[in-house]
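# Coordinate analysis (summary)
Chain residues, written in single-letter form:
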Amino acid sequence: MNRTDPSTRSPFNVQAFVSLISDALLVLAVVLLFIEDGKRYSAGATTLWLAIETLRLSGARPWSLGALSILALNVRGIVLEDGPTPVSHMDYVVIIIAVLVGFGRDAAHWRRTAALVSGACLLGVLLNAEVIFDFAWWSIEYQAQSLTKNSTALLAGIGALSGVMAALLGRHQWRWWLPMIPCILASFVLAKATTSRAALGLVPLALLLAGLLISRDRLSSAFRTRLTALSPPIRRGLGLAAVLVPISLVAIALVVEITAPGGLLRWFSGLYGAENIANDIGRLRVWECYLGLPFKGENRFIYGVGFQNSWQIWCTPEVTGRFLTHSHNILLQIWAENGVLPFSLILVLLVLMIRRVLRNTAQRSDQGRSREMGGALAFSSTAMFLYMIGFHMVELGMMKVPLLTALFGYFLGSIYPAAKPGQRSLQVDHHSAG
C-alpha cells in the first residue's frame, strides 16, 4: 500500500498519531492479560487495535472496509465471549482479519511491532515478578491472571521470538539487542514458570530449524564437498554405520526389555517423567476421538459436528479419560467441528505458507524482497511461523483469547513482507505468489 504523499501532509502528522494510538493499544492488550479480570479489557483493546490497523489499509479498499464491517458485527462475540466455547467462528474471524492486517508489512514495521510485543511481555512479567520468579525457581505451574497455563506459555514464546525479531531487524544491532535481551529473558522465565514443554522446547527448536532453512544451501554444499573429499572406503563405512547404528540401538533395547521386562519403560518413565507420559497418552486419546468425529454419520463428514458439540457430546471424560474442552490440535479441531471442506482449505493454505517460507529462506538472487530482508526478516518470520504452527499442533492456547488469536494471524502475515521498504500491497506479484 502506498502511503500518503509527504508533501500533502498537514503540520500535525495524523498518521503518526494514529500509529501511536495503535501501538499503545497493542501494548495495553498484552499487559492487561497479566492483571486480574483483565482479559475482557484486553479483548477490547485488541479489537480497537485491529479496527485501527484495518482502517489504515487504504490501498486495499473496499476489502478493508468489508473486513472492518465483519469485525464490527462480531464485537460482542469477541469482547464478551458470546457463543460456544472454547472455539467459535469469532476466533477464525479475528485470525483472518489479523492476517490481512499483517500482510505486506516491511521490515521496519515488524521491528517496531515485535519490540512492542516483547517489551509488553516484560512489563507483564514485572507486574507479577515475585510470583513468576518464585514459580519458575520451584517449577510450579504458573498462569497469568487472565490466561490458562497453555495460553500463558504461548504468549511467553511469542514474547521471546518477538524480542529476537526486533533485535535482528535493528539497523545497529547492538542498540537493539541491549533492550531486547531483558525482554527475551523475561519471556523465558515466564515460559519456565508455566512448566510448558511446548513453549520451552519449541522456541529453541523453531530458531534452530529456521537457521537450518536459511543456511541449507551452504550446509548442503559444504557437506557434499567434504563427502566427496573422503576416500570411497570411508564413504562406504559411513553409509554402513548410518544403517547399523540405529539397528544396534533397537536390538539393545529389545534385549534389555526381554531380560528385564518393564525395565526400559521404567527407565524412560524416570527420564521423561510419569506425568508427561500420562499427559501424552491422554492427548493421543483426545486426538483419536476428534479424528473420528466426522465419521459419525448424518453428513458430519461434510459439516463436522459443530462448535462445542465436540467435547460436550462426543469427546467426554468417559471417552478420553479426562475433562478437556478442545483437541490440543488446530487441524483436528477444524476437521471435527467444521468438516472436510474447511479442513481441506486450511491444508491448502498451510502448504502455500510452507512454500512461501521455503522461498523466503532460499535467498535467491532474483528475489528483490530477500535483499530487502537481508535474511533477518526471513529468519525471524520463519522462526515465528514454525513456533505458531508447531505450538498449535500440540496445544490450542490461542482460542477464546482475542489478543492471542490476533497475534497468531498477524505474525503469520510476516512471511509475506512488502516488496519494497515502505510500500504495501495486498496483491502478490507472480514471482512471489504462494
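A quick note: this is a predicted structure, and the numbers were derived from the prediction, not measured.

## Points about the overall build of the protein
Tallying secondary structure elements over the protein gives 22 helices and zero strands in all. Working note: accessible area of the protein is about 21600 Å², and carbon and sulfur atoms make up 68% of it.

## Some remarks on the nonpolar core
Ranked by size, the top nonpolar core spans 110 residues in total, and within it Ile158, Tyr387 and Phe411 carry the most contacts. Ranked by residues supplied to this core, first place goes to helix H8 (residues 149-169) with 13 residues. Filtering out sequence-adjacent residues up to four positions away, Tyr387 remains in contact with Ala153, Leu154, Gly157, Ile158, Leu161, Ala198, Ala199, Leu202, Val203 and Ala206.

## Digging into a nonpolar patch on the surface
The grouping of Leu205, Leu208, Leu209, Leu212 and Leu219 at the surface amounts to a nonpolar patch, some 420 Å² of accessible area in total. Along the chain, the position of Leu208 falls in helix H10 (residues 197-214).

## Considering the packing of aromatic side chains
Given two aromatic rings, one states the distance between the centres and the angle between the planes to describe the pair. Within this structure, the stated rule accounts for 13 aromatic pairs. Where Phe301 meets Trp335, the ring centres are 5.6 Å apart and the plane angle is 85°; that geometry is what we call edge-to-face. Within this pair, whereas Phe301 is found in helix H15 (residues 300-303), its partner Trp335 is found in helix H18 (residues 330-338), the two being separated by 34 residues in sequence. An aromatic cluster is defined as three or more aromatic residues linked by ring pairs; in this entry it consists of Trp49, Trp110, Tyr410 and Phe411.

## Things to note about the state of the cysteines
Counted under the stated rule, the structure contains one disulfide. The side chain of Cys289 participates in a disulfide bridge whose partner is Cys315; the two sulfur atoms lie 2.0 Å from each other. Negative torsions about the S-S bond denote left-handed disulfides, and the value of about -105° found for Cys289 with Cys315 makes this one left-handed. Residue Cys289 is found in helix H14 (residues 274-292), and its partner Cys315 is found in the loop between helix H16 (309-314) and helix H17 (317-320); the two are separated by 26 residues along the sequence. The two residues Cys289 and Cys315 agree in class, both being buried. Among the cysteines around Cys183, which has no disulfide bond, Cys121 carries the closest sulfur, lying 8.5 Å off. Residue classification places Cys183 among the buried residues on the basis of a relative accessible area of 4%.

Reading the values: rules and limits
Residues numbered from 1 in each chain as written. Predicted model: local features only at pLDDT ≥ 70, side-chain atom pairs only at ≥ 80, totals over all residues. Heavy atoms only, no water. Helix = DSSP H or I, 4+ residues; strand = E, 2+ residues; numbered from the N terminus. Areas by Shrake-Rupley, 256 points an atom, 1.4 Å probe, with all protein chains shown as cover. Core = buried A, V, L, I, M, F, W, Y, C linked by side-chain atoms within 4.5 Å. Buried < 20%, exposed > 50% of the residue type's maximum accessible area, 1.4 Å probe, protein only. Contact = heavy atoms within 4.5 Å. Patch = residues over 30% accessible without salt bridge, like charges linked within 9 Å, V, L, I, M, F, W, Y side chains within 5 Å. Salt bridge = Lys/Arg side-chain N within 4 Å of Asp/Glu carboxyl O. Phe/Tyr/Trp six-rings, centres within 6.5 Å; stacked < 30°, edge-to-face > 60°. Disulfide = S-S within 2.5 Å.

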